[in-house]
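Residues per chain are reported as follows:
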Amino acid sequence: MRERFVNPSALLPRRVDYGLHNLRGDLLGGLTASGVTLPTAMAYGVLSGLGPVAGLYGAVAVGIFASIFGGTRGFVYGPNTAVTVLMGLVVAEYADSLAQAATIGIMAGMIQIVFGLLGLGRYATYIPTSLTSGFFAAFGVLIIVKQITPALGGTPAKGGIVNSIVSWPESVRATNFEALALAAICVAVALLWRGRLLRLSPALFAALAVGTVVGWLLLQDAPTVGEIPSGLPELQWSAISLGFFLHSLQPAFVMALLASLSTFVIALRVDAITGNQHRPNREMFAQGLGNIAAGLTGGLPGSIAPGSMPNALSGGRSPLAGLTVAGIILAVVLFLGPVAEVIPYAVLAAILMVTGWSIIDWRFIKRIHRVSRSFAVVMIVTFVLALFADFATAIVIGLVVAALMGSRQLEGVEASAVISVPLLDNALLDASDWDEGADPFQARSGLVVFPDRVTVASSRELSRILRIDIGGHQYSIFDMSRTVFMDDSAAVMMGDLVGVAMARRSRTIVIAGMNESVMATVRAMGVLDRVPAENIAADVDEAKHIIRPLLLADRAESEDL
C-alpha cells in the first residue's frame with residue numbers, strides 16, 4: 001500500500017562523490033548565476049513593494065536553506081517572478097506593515113513544508129502547459145505595464161494593471177527624461193548583449209553595471225535606490241490574530257502554489273540540461289524552510305531563481321553553486337551597500353521589463369492558432385483572469401476549464417475505442433445444438449468491448465452505446481479485458497445500467513475480463529450487487545459458455561410453446 005506521508009528522511013540531501021571538476025563547475029556556475037540573480041533580486045524587491053534590500057535578503061535566505069536541503073542539480077534559489085508579483089498584491093491589499101507581509105511569507109513557507117511532507121509536490125507536474133503559459137504571459141505583461149512609470153522617473157501605482165494604466169497620463173506629464181534615457185540605455189544593453197559579450201557577464205548584470213555607471217557619472221537627476229541598511233537584517237514577525245490569519249490564508253496558500261508552479265516550469269528545463277530528475281517533494285520542503293527564513297529576516301520569498309538556467313549551462317551541479325550565489329549577494333549586502341545605493345530605479349525598471357518580456361511564452365503564443373482550441377481557451381482564460389481578476393480565481397477557473405476541455409477531448413478518444421457488435425447464435429452454440437429449420441442468423445446476444453480507460457469524460461457516450469446494446473439483445477457480454485482503469489463516475493453509470501437491465505428478467509449481462517483494480521472500483525460503487533457471481537467470467541470465451549445453456553433453454557421453452 002502506498003504511504004500517505006513522505007518519510008522526512010527522504011527530504012534530506014544525499015551524499016554524493018565530489019571532485020575538483022565539480023568544484024570548478026559549481027564556482028563558475030555560481031558566479032554566472034549571481035550575475036543574473038543579483039540584479040533581478042533587487043528589481044523584484046522593488047516590484048514587490050518591499051524595496052530592493054528585501055530582494056537581496058530573500059536571495060540570501062532562500063538561497064542558503066533551499067540549496068542545503070533541496071540540492072537538485074543545477075538549481076539556484078531566490079526571488080522569482082510569480083511569487084514577487086503576488087507579494088506586490090499582498091503589500092498593496094493584505095498587509096499594513098513590512099512585518100505583516102513577512103508573516104504572510106512565513107505562512108507560505110509553512111504551507112510548502114506541508115506540501116512536501118504530504119508528498120504533494122509531484123502533483124505540480126499535472127498542471128497543463130496551457131495554464132502555466134497563460135499565467136506567465138499575464139505576469140510578463142503585468143511587470144512591463146507596472147514598470148512604465150518607474151522608467152519615466154515616477155513612483156509605481158499600487159494595485160493591479162488597471163491602476164498602473166490609469167497612472168500613465170500623470171507619469172508622462174511629470175517625465176524625468178534622465179530616468180527615461182537610463183531605462184532606454186539599459187533595455188538596449190540587455191537586448192544587444194549577445195554572442196561573445198555573454199562570456200564577460202550575463203546581459204542583465206551588464207545592463208545593471210552600465211546603467212549604474214552612466215547614472216552616477218552623467219544622469220544624476222534620476223531617482224536612485226538610496227540608503228541600504230548595513231549589516232545583518234533584523235528579525236521580522238507580526239503577532240497573528242485570528243482575523244489576520246483568516247485574511248492572509250488565501251494569499252499565503254496561493255503564494256505556496258505559485259512557488260510550486262515556478263519550480264515545475266523551470267525544473268523541467270534544468271533537468272534536460274543536467275540529465276538529472278528533480279525531487280519535487282524535497283524541493284517544496286527545502287523552499288519552505290528558505291521562505292520561512294526569508295520572512296523572518298524581512299526578505300522576499302521565492303523558489304527557483306532565474307539564475308538556474310545560466311548556472312546549469314555553466315556547469316553548476318551541487319548545492320555549492322547556490323551557496324556561492326547566496327554568498328556573493330550577502331557580500332554585497334554587508335560590504336557594497338554604498339555602491340548599491342546609487343543604482344537608479346529606472347535601471348531596475350528596465351531590468352524588470354526585459355525579464356517580463358522573456359518570461360512570456362512566445363513559442364506558445366506564436367502557435368496559438370495551430371494548437372487545439374481547448375488549449376488556446378485555457379491559456380486565454382487563465383491570462384485574462386490572472387491579469388484582471390486575481391491569481392486564486394485564475395488558478396481555480398483555469399484548472400476547471402482545463403479539466404472540462406481535457407474531458408471533452410478524452411470523450412472522443414475513449415468513445416471511439418468502444419466496440420459494440422451483435423453475436424450470432426451460431427457463434428455461441430455448437431453444431432450439434434442446431435435443429436433443422438433453426439435460424440442460423442439469429443442474434444440474441446451482443447458483445448461490447450470496453451476501451452483501456454473508462455472515465456467521466458466518456459461515460460455519457462458509453463452509456464448511450466450500452467443502452468442500445470442492452471435494449472437490442474437478450475444477452476450482453478461486457479468485455480473489459482482491455483480496461484486498465486475505470487473512475488467512480490463511469491462505474492456509477494455502469495451500475496445504473498446493469499441494475500435496470502437485471503431488473504428486467506428478460507435481460508442478462510455477463511461481465512468478462514476485469515482486472516483487480518477495475519474489480520475493486522466497480523465493487524466499491526455497487527456495480528456487482530445485482531450481477532450473480534456466476535455471471536462474472538475470466539474472459540470472453542468463458543462468458544460465451546455461460547450464455548450457451550441460456551440460449552438452449554430459451555429454445556427449448558419456445559419449442560414447448
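In what follows, the structure referred to is the one given above.
Novice: How would you summarise the sheet that holds strand E9 (residues 536–537) if you had to cite specific residues and measurements?
Specialist: One open sheet accounts for five strands, arranged E3-E4-E6-E8-E9; its pairing is mixed. With partners counted over all chains shown, the strands left at the sheet margins are strand E3 (419–423) and E9, one partner each. Pairing of E3 with strand E4 (residues 445–449) involves five bridges; the strand directions are antiparallel. Within E4, the position partnered with Ser-420 by the bridge is Val-448.

Novice: Got a sec to walk through the environment of Asp-479? Specific residues and values, please.
Specialist: Considering the arrangement of structural elements, one finds Asp-479 in strand E6 (residues 475–479). When its relative accessible area of 9% is taken as the criterion, Asp-479 is described as buried. Along the backbone, Asp-479 and Gly-116 are 363 residues apart, and their C-alpha atoms lie at a distance of 41 Å. For Asp-479, the contacting residues outside a window of four places in its chain are Leu-447, Val-448, Val-449, Phe-450, Ala-512 and Val-540.

Novice: Which residues make up the pattern of salt bridges, and what values go with them?
Specialist: Taken as a whole and judged by the stated rule, the model has one salt bridge. The partner of Glu-170 in a salt bridge is Arg-173, and the shortest N-O contact between them spans 2.9 Å. Linking Glu-170 with Arg-173, this pair stays in helix H8 (residues 168–173), spanning three residues, or about one helical turn. The exposure class of Arg-173 is exposed, given its relative accessible area of 63%.

Novice: Could you give an account of a positive patch on the surface, with specific residues and numbers?
Specialist: A surface patch of positive charge is lined by Arg-269, Arg-363, Lys-366, Arg-367 and Arg-370. Along the chain, the position of Arg-370 falls in the loop between helix H17 (362–366) and helix H18 (373–388). A relative accessible area of 67% places Arg-370 in the exposed class.

Novice: Could you give an account of helix H14 (residues 319–335), with specific residues and numbers?
Specialist: For H14, spanning 17 residues, the distance from its first C-alpha to its last is 24 Å, which sits close to the expected 24 Å at 1.5 Å a residue. If you check which residues of H14 are buried, you get Ala-321, Gly-322, Thr-324, Val-325, Ala-326, Ile-329, Val-332 and Val-333.

Novice: Lay out the layout of surface pockets with the relevant residues and their values.
Specialist: Quantified by volume, the largest pocket comes out at close to 1300 Å³. The greatest single-element share of the lining of the largest pocket, amounting to six residues, is contributed by helix H11 (residues 242–274). In the lining of the largest pocket, the residues fall into 23 nonpolar, twelve polar and four charged. Lining the second largest pocket are 36 residues, and of these Leu-47, Lys-146, Ala-157, Lys-158 and Gly-159 sit closest to its centre. Those elements that place two or more of their residues in the lining of the second largest pocket are helix H1 (20–48), helix H3 (81–93), helix H5 (129–146), helix H7 (161–166), helix H16 (345–359) and H18. The element that contributes the greatest number of residues to the lining of the second largest pocket is H3, accounting for seven residues. In the lining of the second largest pocket, the residues fall into 22 nonpolar, ten polar and four charged.

Novice: So what's going on with the nonpolar core? Which residues, and what values?
Specialist: For soluble globular proteins, nonpolar side chains are generally found buried alongside one another. Within the largest apolar cluster, 101 residues are counted, with the highest numbers of intra-cluster contacts made by Phe-135, Phe-139, Leu-258, Leu-348 and Phe-391. Among all residues touching Phe-135, those that are not within four sequence positions of it are Leu-258, Leu-261, Thr-382, Ala-386, Phe-391, Ala-394 and Ile-395. Counting residues in each nonpolar core, the second largest holds 26 residues, with Ala-501, Ile-511, Val-527 and Val-531 among its members.

Novice: Outline the environment of Ile-273, listing residues and values.
Specialist: Relative to the helices and strands, Ile-273 is located in helix H11. Ile-273 sits 199 residues away from Gly-74 along the chain, and the two C-alpha atoms are 8.4 Å apart. For Ile-273, the contacting residues outside a window of four places in its chain are Met-309, Ala-312, Leu-313 and Arg-317.

Novice: I'd like to hear about the side chain of Ser-164, residue by residue, with values.
Specialist: Summarising the element assignment, Ser-164 is placed in helix H7. Each residue touching Ser-164, except ones within four places of it in the same chain, is listed here: Val-145, Lys-146 and Ala-157.

Novice: Help me get a handle on the environment of Phe-244, residues and values and all.
Specialist: By the secondary structure assignment, Phe-244 is in helix H11. Under the relative-accessibility criterion, Phe-244 is labelled buried at 9%. Dropping the residues within four chain positions of it, Phe-244 is found in contact with Tyr-94, Gln-100, Thr-103 and Ile-104.

Novice: Give me the lowdown on the pairing of E4, citing residues and values where you can.
Specialist: The element E4 is extensively covered by neighbouring structure, given that five of its five residues are classed as buried. Of the two faces of E4, the one carrying Ser-445, Leu-447 and Val-449 and the one carrying Gly-446 and Val-448 are both buried. When E4 meets E6, the two strands line up parallel, connected through five bridges. Directly across from Ser-445, in E6, lies its bridge partner Tyr-475.

Novice: Describe a nonpolar patch on the surface, with residues and values.
Specialist: Among the surface-exposed residues, Val-114, Leu-118, Leu-120, Tyr-123 and Tyr-126 lie close enough to one another that they form a single nonpolar patch of about 430 Å² accessible area. Within the fold, Val-114 resides in helix H4 (residues 98–117).

Novice: Residues and numbers for H16, please.
Specialist: The terminal C-alpha atoms of H16, which comprises 15 residues, lie 21 Å apart, in line with the 21 Å expected from a rise of 1.5 Å per residue. Most of H16 is tucked away, with twelve of its 15 residues classed as buried. Looking at the buried positions of H16, the neighbouring elements they touch are H1, H3, H5, helix H6 (148–151), helix H9 (177–192) and helix H10 (203–217).

Thresholds applied
- Here the residue index of a chain counts from 1 through its sequence in written order.
- Selection of residues for local features in this predicted model requires a pLDDT of at least 70, selection of side-chain atom pairs for listing and counting requires 80 or more, and totals for whole chains, interfaces and linings are taken over all residues.
- Only heavy atoms go into the side-chain values, all of them from the structure, while hydrogens and water stay out.
- Here the rule is simple: two strands pair whenever DSSP picks up at least two bridges between them.
- Strands are runs of DSSP state E lasting at least 2 residues, helices are runs of H or I lasting at least 4, and numbering of each runs from the N terminus.
- Only protein chains enter the accessibility calculation, which uses a 1.4 Å probe; a residue whose area is less than 20% of its type maximum is buried, one above 50% is exposed, and one in between is partly exposed.
- By definition, residues are in contact when any of their heavy atoms lie within 4.5 Å.
- The salt bridge criterion pairs a side-chain nitrogen of Lys or Arg with a carboxyl oxygen of Asp or Glu, the two atoms within 4 Å.
- Patch membership needs two things, relative accessible area over 30% and no salt bridge, and members are linked within 9 Å if like-charged or within 5 Å if nonpolar (Val, Leu, Ile, Met, Phe, Trp, Tyr).
- In this description, accessible areas are obtained by the Shrake-Rupley approach with a 1.4 Å probe, and a residue is regarded as covered only by the protein chains that are shown.
- Asp and Glu count as negative and Lys and Arg as positive, but His and the ends of the chain are not part of the count.
- Positions of charges follow a simple convention, taking NZ of Lys, CZ of Arg, CG of Asp or CD of Glu.
- How far a helix is expected to stretch is found by multiplying one less than its residue total by 1.5 Å.
- Here a cavity denotes grid points, spaced 1 Å and computed from the protein atoms alone, that fit a 1.4 Å probe unable to get out, and a pocket denotes an open set having protein on both sides within 12 Å along at least 5 of 7 lines; residues with an atom within 4 Å of a point are the lining.
- Grid points are joined across faces, edges and corners, and a volume is the space filled by probe spheres set on the points.
- Throughout this entry, Asp, Glu, Lys and Arg are counted as charged residues, while Ala, Val, Leu, Ile, Met, Phe, Trp, Tyr, Cys and Pro are counted as nonpolar. The remaining residues, Gly among them, count as polar.
- Here, the term nonpolar core denotes a set of buried Ala, Val, Leu, Ile, Met, Phe, Trp, Tyr and Cys residues that are joined through side-chain atoms within 4.5 Å.

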